[in-house]
Amino acid sequence: MSEIKLIITGPPGAGKTTAIAAISETAPVKTDTHTTDDLAAVKEQTTVAMDFGELTLDDGQKVFLYGTPGQRRFEFMWKILVEGGLGLIILVDCSRPDPLADLHMYLDNFADFIRQTSVVVGLTRTDHPDAPAVAEFYSSIESSGRVLPILEVDIREREDVALLINALVSTLEFSR
Amino acid sequence: MSQYKFSERSEAFCQDLFQNMFDTSDAIYGILISTVDGHDVSKSFSRDMPAAKLSAMMSAILALGETIAVEAEQQQCRYVIVENSDGYILTLKIKDKLILSVIATTQANLGMLHSVSRNAAEKLAAQLR
Ligand SMILES: Nc1nc2c(ncn2[C@@H]2O[C@H](COP(=O)(O)OP(=O)(O)OP(=O)(O)O)[C@@H](O)[C@H]2O)c(=O)[nH]1
Ligand SMILES: [Mg+2]
């Protein structure tokens, strides 16, 4: 296996586009447009189709990273983008009103994909005063019968994005 | 939810313009204005179609068209056209935050659809803030 496709999803503002820009070895492909709704208070731009970036792991493995739009009305893109994918990174923004519910929303919506692949969860903005503790995420996932790696990350940092990707790739190797 | 919305005057302007477009070509059966981030703002459909879903999809395809143009080192994406066995769907930017989509049967000539859509987009750009 010389090339693998990984998908990054999660709510608007979690940092999918930022993550791919931080780690891609080539100029990332972006499809961000002006936000014209409530999200404009948080962010000037939002992804409407996809993000794309490429990187090479230490062992020479080529990784293609696809970022989804976060907003629900772009759900149709989620189905298109997971095609042929081998793993999923779910970013959860801990400064949003209900990060646990956000996580479950993406776990549910990507359930078919997740059944065939691996998932890691990246928690962003964990320094927010109302951010749930990591333990809460673990127990909330466990109660729905799952065990997933959860990492706290600063998605703007290349090394932190690499951490998520390595965690995901190693679960892929483990499950093969 | 605060969403992009036309004033009554702008909406009336759009509906007049849509009517003109229908009058110009029988083949046109759907005209939709949406925001670049995929919300529907104004429309006139003579067949039933899901405006909200189409708006999200049109914004995605237009953004992809613009990105593909850049990657292929071509200048300024003017339209994205989806050509089907029984119809055309043509999408273009009105101005920085709005896009226009025109849906027609294959009875329309594509050149004519281009000009009708381009003219409409220009009128809309001049009228809308
Ligand atoms: N202050 C702060 N900002 C952060 C942190 N993590 C991410 N950001 C910022 O949050 C924003 C994330 O925006 P995007 O990368 O566009 O988010 P997205 O997930 O692609 O969002 P959509 O495309 O709208 O779904 C960027 O401006 C980041 O710089 C953090 O830990 N602290
Ligand atoms: Mg994005």
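Residues numbered from 1 in each chain as written. Chains lettered and ligands numbered in written order. Predicted model: local features only at pLDDT ≥ 70, side-chain atom pairs only at ≥ 80, totals over all residues. Heavy atoms only, no water.

Named according to an unreviewed UniProt entry, chain B is Roadblock/LC7 domain-containing protein originating from Marinobacter daepoensis.

As recorded by an unreviewed UniProt entry, chain A carries the name ATP/GTP-binding protein and is attributed to Marinobacter daepoensis. According to the UniProt record, the Sequence similarities (unreviewed entry) comment for chain A reads "Belongs to the GPN-loop GTPase family." (UniProt positions renumbered as here; feature names shortened; annotations may be inferred.)

Could you clarify how one ought to interpret the interface of chain B and chain A in this entry?
Often, the extent of an interface is quoted as the loss of accessible area upon association of its parts. Contact with chain B, which involves 19 residues of that partner, is made by 16 residues of chain A. With both chains or domains summed, chain B and chain A bury close to 1,500 Å², and 65% of this area falls on carbon and sulfur atoms. Run the count over chain B and chain A and you get one salt bridge. Here B:Asp37 and A:Arg73 are joined by a salt bridge, their closest N and O atoms 3.8 Å apart. The interface formed by chain B and chain A contains seven residue pairs in polar contact (both at pLDDT 80 or more). In terms of residue count, helix α2 (residues 51-71) of chain B provides more of the side of chain B that touches chain A than any other element does, eight residues in total. (Contact = heavy atoms within 4.5 Å. Buried area = accessible area lost by both parts, 1.4 Å probe. Salt bridge = Lys/Arg side-chain N within 4 Å of Asp/Glu carboxyl O. Polar contact = N/O pair within 3.5 Å; in protein donor to acceptor, adjacent residues only side chain to side chain. Helix = DSSP H or I, 4+ residues; strand = E, 2+ residues; numbered from the N terminus.)

For this particular structure, what's the right way to read the layout of surface pockets?
One simple way to see leftover space: roll a probe sized like a water molecule over the atoms. Quantified by volume, the largest pocket comes out at close to 440 Å³. A:Gly13, A:Ala14, A:Gly15, A:Arg125 and A:Ile155 are the residues nearest the centre of the largest pocket, which is lined by 22 residues in total. Contributions of two or more residues to the lining of the largest pocket are made by α1 (16-23) and β3 (45-47) of chain A. No other element matches α1(A), which puts three residues into the lining of the largest pocket. Taken together, the residues of the lining of the largest pocket break down into six nonpolar, 10 polar and six charged. Considered as a void within the structure, the second largest pocket measures approximately 220 Å³ in volume. Surrounding the second largest pocket, 13 residues form its lining, B:Met57, B:Met58, B:Ile61, B:Val82 and B:Ile89 being those nearest its centre. (1 Å grid on protein atoms, 1.4 Å probe; cavity = no way out; pocket = protein on both sides within 12 Å on 5 of 7 lines; lining within 4 Å. Points joined across faces, edges and corners; volume = space filled by probe spheres on them. Nonpolar A, V, L, I, M, F, W, Y, C, P; charged D, E, K, R; others polar.)

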